[in-house]
Amino acid sequence: MTTPLHPLFRQAQQEIVHYKSGRLAVIAVPGSGKTFTLTHLAAGLVNKLSAKEVLNNTEILIVTFSNSAVYTLRRRIAQILQQNRGLLPYVGYRVRTLHGLAHDIVRERPALADLSDDFAILDEQSSRQMIREITQGMLRADQTWYEAYLAQGVLENRSRHREVYEHQLPDLAVQLCERFIKYCKDNRLSPGELYGLDLPAQSALVRFVSRVYDEYQRRLAYQGAVDFDDLILNALRILEENADFRRRLQKRWPYVLEDEAQDSSQSQERLLRLLTDGKNWVRVGDPNQAINTTFTTANPQYLRDFAQESGVRCVRLQQSGRSGRPIADLANALVRWTARMHPVHELRQTFESSVIEPAPPGDAQANPTFAETTVYIHYQEGRAINPDDELRLVVSSLTRWLPDNGDKTVAVLVPENRHGYRLLDLLQRQHIASEELLQSTSSVRQVAKTLETALNFLANPTNPALLSRLYADVWWQQRLGNTAEIEATREETERERTYREIVGALNRCRQVETFLWPAGGADWKAALNLTPDPLFADNLEQFRVMLQHWLKAGYMPADQLTLTLAQDLFRAPAELALSYKIALSLRSAQEAASAWSLPHMVNEVKAIGDNQRRFLRFEEVTGGYAPRPGVVTVATMHAAKGLEWDRVYLLSVNSYSFPSAQPEDTYIGERWFVRAQLNIEAELLAQINALKTGEPYVEGEATRQARLDYAAERLRLLYVAITRARRELIMLWNTGHYWAQGGSMVARPALPLIALHEYLDGTLSLPAQP
Amino acid sequence: MTRLPEIHRSLFLEGPAGSGKSTAASQYLRQVLADQQAAPESVLVLVPHPALSAPYAQVLNTLALPYAPHVITVSGFARLALRPFWPVVVKELGLNPALTAPTFLSADLAQYHLGRILQPYWEIGAFDSIRLPRYRVIGQILDTINNATQAGFSLDETESRLIAAWGERHSSRVTVYRTAAEIARRYQTYCLQHGLLDFALQLHLLVNILVDNPEFQYSFSGQFQYLIADNVEEMGALVHDFIFWCLETVPKTLLICDHDGGFRSFQGADPANALLLRDVCLQRVVFDDLIGQTEPIKSLVAAVAASPTPADVVPQPATPAVQFTSTTFYPQMIESCVQQVQQLVLKQQVKPAQITIVAPYLHDVLLFALQSRLQQLQIPSIYYRPSRPLKGEPVIQMLLTLLQLAATEIRTPAEIAQALELAIDGLDPVRASLLAHAVHRPEGLLAYETLPPVMQERITLPIGLRYNRLRQWLADHPVAGQPPDRFFAQLLEEVLTQPGYGLFENVSADSTVAGFLNAAEGFCRTFAGDTVDQTQAFLQFVREGFVTSDWEVERPDAVLIATAHTVLTRDLASDYQFWLDAGDSGWFERIEQPLTHPFVLRRGTPPDTVWTDDMEDALQTTTLRHLILGLLRRCRKGLFVHACDISANGYEQRGQLLLWLHLAVPALQESA
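In this numbering scheme, every chain counts its residues from 1 along its sequence in written order. As a convention, the first chain written is A and the first ligand written is 1, with the rest following in written order. Totals for whole chains, interfaces and linings use every residue, but because this is a predicted model, local features are given only for residues with pLDDT of at least 70 and side-chain atom pairs only at 80 or more, for both listing and counting.

S.K.: Help me understand the overall build of chain A in this model?
M.R.: The secondary structure content of chain A amounts to 30 helices and 18 strands. Here the C-alpha radius of gyration of chain A, 28 Å, is about what a compact globule of 770 residues would show, namely 27 Å. Principal-axis analysis of the C-alpha atoms places the extent of chain A at approximately 90 × 70 × 70 Å. With C-beta atoms placed from the backbone, a residue is labelled by how many other C-beta atoms lie within 10 Å of its own: buried for 20 or more, exposed for 12 or fewer, partly exposed between the two. Considering chain A as a whole, with its 770 residues, one finds that 48% of them fall into the buried category. Numbering goes from the N terminus for both helices and strands, where a helix is a DSSP run of H or I of at least four residues and a strand is a run of E of at least two. The size measure is the radius of gyration over C-alpha atoms, and the globule rule it meets is 2.2 Å times the number of residues to the 0.38 power.

Below, the structure is given as structure tokens:
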């Protein structure tokens, strides 16, 4: 079977789809049909596999950056191939993230990485918990290293010092250790190699984090476990040390297609080089959309260098039919302004000199017309709005716009999650339909909150307030037992009144045992001093029975207890799958911790509910995210990558979220209690680098470089955010409210926001070419 | 059923699993005992695992014999032989004559003692370069010892074979192999010095010492006239040596061998070596027709059996006897499996015992989810999970907490509440929590009557009195100076099994508690005369997960949940099989392990073999093929294959098992 080529491929796209072999770099501007082309290329290559190759499990390997991209690519390739879903889904190809690929490799021959068959993979939260436990233990023994970094006056001011020592320092230490361990693994530095370095006396910080790293690795080894970064390290090691196994995999994956190659890291680059053996490797990406480089070894330079390598063919996809001209012009203007006029010279190299060109006439994906397109930047010199007002403005704008545009898609993009959660709250209060693409989804939070409420009662079964909360927030909310029948047969006022009576009575029940297990044949209703109508009495009886069942299961391990609750509480497949994931995650955390009890479990589930844990979006597995008309998507700018909406609001385009390496800028990662506004994480990594290379370490230099890197990445993030809009783009900024050394500060409009505003009103003229 | 011909001296019976070989052999046993009126003590039946004695036990149950013949594993037989002939061993090996009797170590105890030898090495980080938990290091060193013994290799040869197999790969592994070998040597020396005989030593002493001893030879040949050895492919080469010797000694021998077996290769099975026995047997019979299987399953078996690799499989037409269900999420997969089981049991009146649910791993979450859903549907289920640590069982946790309280160790109120809830009949979880918080003091537990009257009333007098009796008993029985097995036995007898306490007529906890007591007794026996603090040592023993549930349970009319390995090594056939998590890559173990290597430690493997990826790949394909064949041959009427896109952990499922089935039955589409 051969798949016909899509009749409307653009010329450059045709060139890619007709790829036969060799190394190919594809540099694609936003909206240029990169995924469309890549999936057709993959499907074409799958079709070219001979029957024998398919029987021998030969596959086209596609590597991408995120889980959601895996699901999207896989679904689209399946659609093109029109394969019937049989026993083996996705025959002839495999789509993986780097971690997924590493997992496949290690899982196939674990012994080559000194692991047993049933090795455990510590998830992010269990790994963090282990690092936290080790760090706290080490901090008790070594409290001196941080004093060298304290800002003037902190040590002398007792209450400030206490605040730093008790609250700020433990979190800082954990973060430093996490970053350090990740950096070492990315750079393949083992604890043993660190000990081999000649550490000068002033390297107390390096010594501290090295000891945590060593202990962390030791504990992982003793549990027969690896973390996510180890998976990649081990896959690399296996491929490097085992030529015969490497050759087998090279044969299995004769073509490797890499999507989002601008986010390729050192490890990914190395791993794919080993797998492709310099042969059939297609790398697709846009260096201008590299937005995952901070504190990682991801670097768009790998893609740029690859495109320059001898023997590599480079194709540019520059025509884009996504946005109306004014929006594409604005994105191009951002590139040109940065390249020519950015006040910081080092940042002028941020962008690759590519221009988004309109789709050719008659193209299947024609750009929206000028008339359909608007760009508005909410900026007036001297006028500032605070974050709450910014959100109110957006809600008000949406309230006016949505009724006439129910057939269009709209998104509000925020630089960080917290602002997004607050907006969602406002939208819900205004009954505006919304969806979210933030760190955790409402379903994760909802499932976790429900489990937390239940577990909290189980950990404190004599507490009537928790009992009452469980009834109100879980039992009643989830419409368990005969609640639906009550809703159908009782008037709302009566229902509400009785419900409130019950909640109050449970809250006043000082002796919970008399309600749950009344002694001597007493009536449990007497414990509540209630005589509810029979339907409510049944409802309470069902509630009691469920609690008795749960309490009797209280001795179970964390995972089993969670599942017991989940089976009673949830019905939707995604909710149940999430409960499974939480259960396994708790089990893993339980095994990683030296001491564990029900209250620990409550805290872990609470952390998931409080958005402190990253969880797989199970909803995306089935369909991937597709914006729905008339429903507001609230997303981080990072999560919005790869998506598009008719109208897009960009929020918080201020000097804090988009700093420009100006002296007055403040940066995430710089703490008020650290002297000289040092970015202590960057300084730590610079110290390690210096020790490794033998070059001198100059304090402050890494902080300066980190600011430049961060500012460059944020410029690219802004570029990504702008290019999400098809017809309407609205940019806003707010003053924020941030802590800085010496007190709080407010943010200013971001420099690029001002520049683009001036460009739009004609007061700034930019050269035609970047 | 096919009958065996008359055995003149030795007969080798072979064929695939499910072709009626063991049934024919057990009928031969009946014939020998009933018709030929052989004395029961003159018959020896050897099996590789106690579970495989079932067909023989069933026949023996139907015969009114004054006493039963030995149906036993070879190590079991070795234990029987070593007791009376222990002085021979002491003399031969120059052991301490004061050791008047050997102490046999269970697998758990062997792990414990090896762990003691390992500890100083562990503490200095000798195993830091491999990523195995301590119990796995212990397990793999023991596997190496057992495999090497069964192949007849010395520990020196074992060490050099493992190093040779590693070849030119990274260098740290060689050091680890050397350390592991050193520990193995020290462990064996320690065991012999103390008369502690583990599985490997039991076999070694039987085959390499006793068999050469004229007194033993005289005794053996005088007693045994008939030998039946079943599943010889699951036995190691050393056991085959013993059988070779028996062939010369015992007048009539029946050997039974499964085709495509060798599922116990990690325990030393050597199916290739087993075929050498065929060459010396005077008669050879092949059974090749599968009994009781429906045609579609038979033809699927034939298609796989005829294909060395998935690419060779001749595609079969789709059949209702093989159904496939694919789901997106893991819980959906469990639910759809449960629904199909329900259909079979309720609509088609299939007996639960005729249903087996097979999974690559039986982790707690899967087991719990499956069992609780089946329970809701009132479908009985049991699971076999050998070597499951008992430390996780609530009743064992309760016993341990009480031991610690008697040893005046501080426990948390939550631990005390759980222990009291299980120990005192009628104590609900809320009052257990109240009571535990009320009586918990660092210096010990308070008496009920010292609590404030309101609290006493909340807890209730009957519960208070039961609590007081238990508290008083613990206070009167300090653990210092008495071995823990005695402590538990007394506690159970005098308090916990009495009316008013949690284990009174508590049948469900009986086997767990009995197994635990058995382990405690065995543990204390090996410490007789030792100065070790037995309570602390025992607690450590349990905490490390060495006390496991390895005893056999009767199979009631219940759906069986087991791993593929368990189904195969215990020969658990049924009408219907469910393969759960079919996309998982864990359906078979990888051959090469960080510390051991069953293939390199086989007798037929040349000593300087370097293990390559091609070898691993080819052997993995063979192993998986054997596994599929083994499972299919133990499935008579229907196969339900279940897969989910995303594993419980969130990974895409894409194992080789699905590829085999996809190629064997390409028309197989989703049934749900």
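S.K.: Any chance you could explain the overall build of chain B here in plain terms?
M.R.: Along chain B, the regular secondary structure elements total 26 helices and 16 strands. Whereas a compact globule of 672 residues would reach a radius of gyration of roughly 26 Å, chain B reaches 27 Å, a difference of no more than 12%. For chain B, the C-alpha atoms occupy an extent of roughly 80 × 70 × 65 Å along the three principal directions. The proportion of buried residues among the 672 residues of chain B is 49%.

S.K.: What is the right way to look at the packing of helix α6 (residues 124-141) of chain A against helix α9 (residues 204-222) of chain A in this model?
M.R.: A packed helix pair is summarised by two numbers, namely the angle formed by the two axes and the spacing between the axes. All names here are of chain A. To define axes, lines are fitted to C-alpha atoms, for helices over the stretch in contact only, and angles between the resulting N-to-C directions are given on a 0 to 180 degree scale. Between α6 and α9, the least distance of the axes is 10 Å, while the angle of their chain directions is 135°. In this view, α6 runs oblique relative to α9, as classed from their interaxial angle. Our pair here, α6 against α9, has a crossing hand that is right-handed. On α9, the residues that touch Met130, Ile131, Ile134, Thr135 and Met138 of α6 are Phe208, Arg211, Val212, Glu215, Tyr216 and Arg219. Gly falls in the polar group here, along with every residue not listed as nonpolar (Ala, Val, Leu, Ile, Met, Phe, Trp, Tyr, Cys, Pro) or charged (Asp, Glu, Lys, Arg). Across the contact of α6 with α9, the residue classes break down as seven nonpolar, one polar and three charged. Angular relationships are summarised with four words: roughly parallel below 35 degrees, roughly antiparallel beyond 145, roughly perpendicular across 65 to 115, and oblique for the angles in between. Each crossing gets its handedness from the near helix: less than a right angle anticlockwise from the far helix is left-handed, clockwise is right-handed. Think of it this way: build a C-beta for each residue from its backbone, and any pair within 7 Å is a contact.

S.K.: Would you explain the sheet that holds strand β16 (residues 725-731) of chain A in this entry?
M.R.: All names here are of chain A. Ordered by their spatial adjacency, six strands build an open sheet running β11-β16-β15-β12-β14-β13, and the pairing between neighbours is parallel. Strands at the two margins of the open sheet, each flanked by one partner only, are β11 (374-377) and β13 (434-437). Neighbour-to-neighbour, the strand axes of this sheet turn through a mean angle of 20°, independent of strand direction. By the bridge criterion, four bridges tie strand β12 (residues 410-414) to strand β15 (residues 645-650) in an arrangement that is parallel. Within β15, the residue paired with Val410 across the bridge is Arg647. DSSP-based pairing: two strands are paired if at least 2 bridges between them are found.

S.K.: Can you help me understand helix α14 (residues 330-347) of chain B in this one?
M.R.: Working note: α-helix, 3.6 residues per turn, so residues spaced by three or four point in the same direction. Residue and element names in this part refer to chain B. Any helix carries an expected span of 1.5 Å times its number of residues minus one. The end-to-end C-alpha distance of α14, which contains 18 residues, comes to 25 Å, matching closely the 26 Å that a straight helix rising 1.5 Å per residue would cover. Those residues of α14 that fall on the buried side of the exposure criterion are Tyr330, Pro331, Gln332, Met333, Ile334, Ser336, Cys337, Val338, Gln340, Val341, Leu344 and Val345. Two residues or fewer past α14, Gln349 is found with a positive phi of approximately 55°.

S.K.: Even after reading the chapter, I still don't get the interface of chain B and chain A, so can you show me in this structure?
M.R.: Across the boundary between the two partners, chain B contributes 66 residues, which contact 63 residues of chain A. Among the elements of the structure, α6 (134-151), β9 (322-327), α14, α15 (364-376), α17 (413-423), α18 (429-439), α25 (613-633) and α26 (656-664) of chain B are those that each provide at least two residues to the side of chain B that touches chain A. Among the residues making up the side of chain B that touches chain A, the classes are represented as 28 nonpolar, 19 polar and 19 charged.

S.K.: How do you make sense of the domain arrangement of chain B when you look at a structure like this?
M.R.: All names here are of chain B. Considered domain by domain, chain B is made up of domain 1 (10-82 + 213-286), domain 2 (87-201), domain 3 (299-387 + 555-664) and domain 4 (391-549). Here the C-alpha centre of domain 3 lies 29 Å away from the C-alpha centre of domain 1. Each side of the interface is counted separately: domain 1 has 17 residues, and domain 3 has 16 residues. Partitioned by chemical class, the residues of the side of domain 1 that touches domain 3 number eight nonpolar, five polar and four charged. These domain boundaries are the output of an automatic or database domain assignment.

S.K.: Would you take a moment to explain helix α13 (residues 295-305) of chain B for this structure?
M.R.: Residue and element names in this part refer to chain B. All of the buried residues along α13 are Ile297, Leu300, Val301 and Val304. For α13, the arc enclosing every buried residue in end-on projection is 100°, short of the 170-degree limit, so these residues lie on one face. Elements in contact with the buried residues of α13: β9, α25, β16 (635-644) and α26. The directions from the helix axis to the C-beta atoms form the arc being described.

S.K.: Just to check I follow, could you spell out the sheet that holds strand β2 (residues 43-47) of chain B for this structure?
M.R.: One key point about sheets: their strands pair by backbone hydrogen bonds, in either a parallel or an antiparallel sense. Residues and elements named next belong to chain B. The sheet built from six strands is open, its strands ordered β3-β2-β6-β7-β1-β8 with parallel pairing. A strand with exactly one partner marks an edge of an open sheet, and here the two such strands are β3 (70-73) and β8 (283-286). Taking the axes of each pair of neighbouring strands and ignoring which way they run, one obtains an average angle of 15° across the sheet. Of the pairings in the sheet, the one linking β2 to β3 comprises four bridges and is parallel in character. In the sheet register, Val47 faces β3, and the bridge partner there is Thr73. Across the sheet, helix α1 (residues 21-35) is in contact with β1 (10-15), β2, β6 (226-229) and β7 (252-258); its angle to β7 comes to roughly 165°.

S.K.: Even after reading the chapter, I still don't get the domain arrangement of chain A, so can you show me in this structure?
M.R.: In many reports, interface size means the accessible area that the parts give up when they come together. Residue and element names in this part refer to chain A. Assigned domains within chain A: domain 1 (11-112 + 231-317), domain 2 (128-222), domain 3 (378-439 + 636-749) and domain 4 (443-609). One C-alpha centre belongs to domain 2, the other to domain 3; they are set 28 Å apart. Taken residue by residue, the interface counts 18 residues in domain 2 and 14 residues in domain 3. Put simply, the parts of the chain that give the side of domain 2 that touches domain 3 at least two residues each are α7 (158-186) and α9.

S.K.: Would you take a moment to explain the environment of Gln301(A) for this structure?
M.R.: Inspection of the secondary structure assignment puts Gln301(A) in helix α13 (residues 301-308). With 189 residues separating them along the chain, Gln301(A) and Arg490(A) place their C-alpha atoms 67 Å apart.

S.K.: For this particular structure, what's the right way to read the packing of helix α7 (residues 155-166) of chain B against helix α8 (residues 172-193) of chain B?
M.R.: All names here are of chain B. At a minimum axis separation of 10 Å, α7 and α8 run at an interaxial angle of 165°. One way to sum up the angle between α7 and α8 is to call them roughly antiparallel. The way α7 lies across α8 gives a crossing that is right-handed. Residues Leu155, Thr158, Glu159, Leu162, Ile163 and Trp166 of α7 form the contact with α8, whose own contacting residues are Arg173, Val174, Tyr177, Arg178, Ala181, Ala184 and Arg185. Class assignment of the residues belonging to the contact of α7 with α8 gives a composition of eight nonpolar, one polar and four charged.

S.K.: How do you make sense of the pairing of β9(B) when you look at a structure like this?
M.R.: Remark: a regular strand shows side chains that alternate across the two faces of the sheet. Residue and element names in this part refer to chain B. Among the six residues of β9, five are classified as buried, and the element is accordingly described as predominantly covered. Looking at chain direction, β9 and β16 are connected through six bridges and run parallel. Its bridge partner being in β16, Thr327 is matched across the sheet by Cys644.

S.K.: Whenever I open this one, unusual backbone geometry confuses me. Can you help?
M.R.: What is expected of a backbone is that most residues other than glycine have negative phi and most peptide bonds are trans. Residues and elements named next belong to chain A. Although it is not a glycine, Asp277 adopts a positive phi angle of roughly 55°. Relative to the elements of secondary structure, Asp277 occurs in the loop between α12 (266-276) and β7 (281-285). Residue Asp277 is classed as partly exposed on the basis of its 13 C-beta neighbours within 10 Å.

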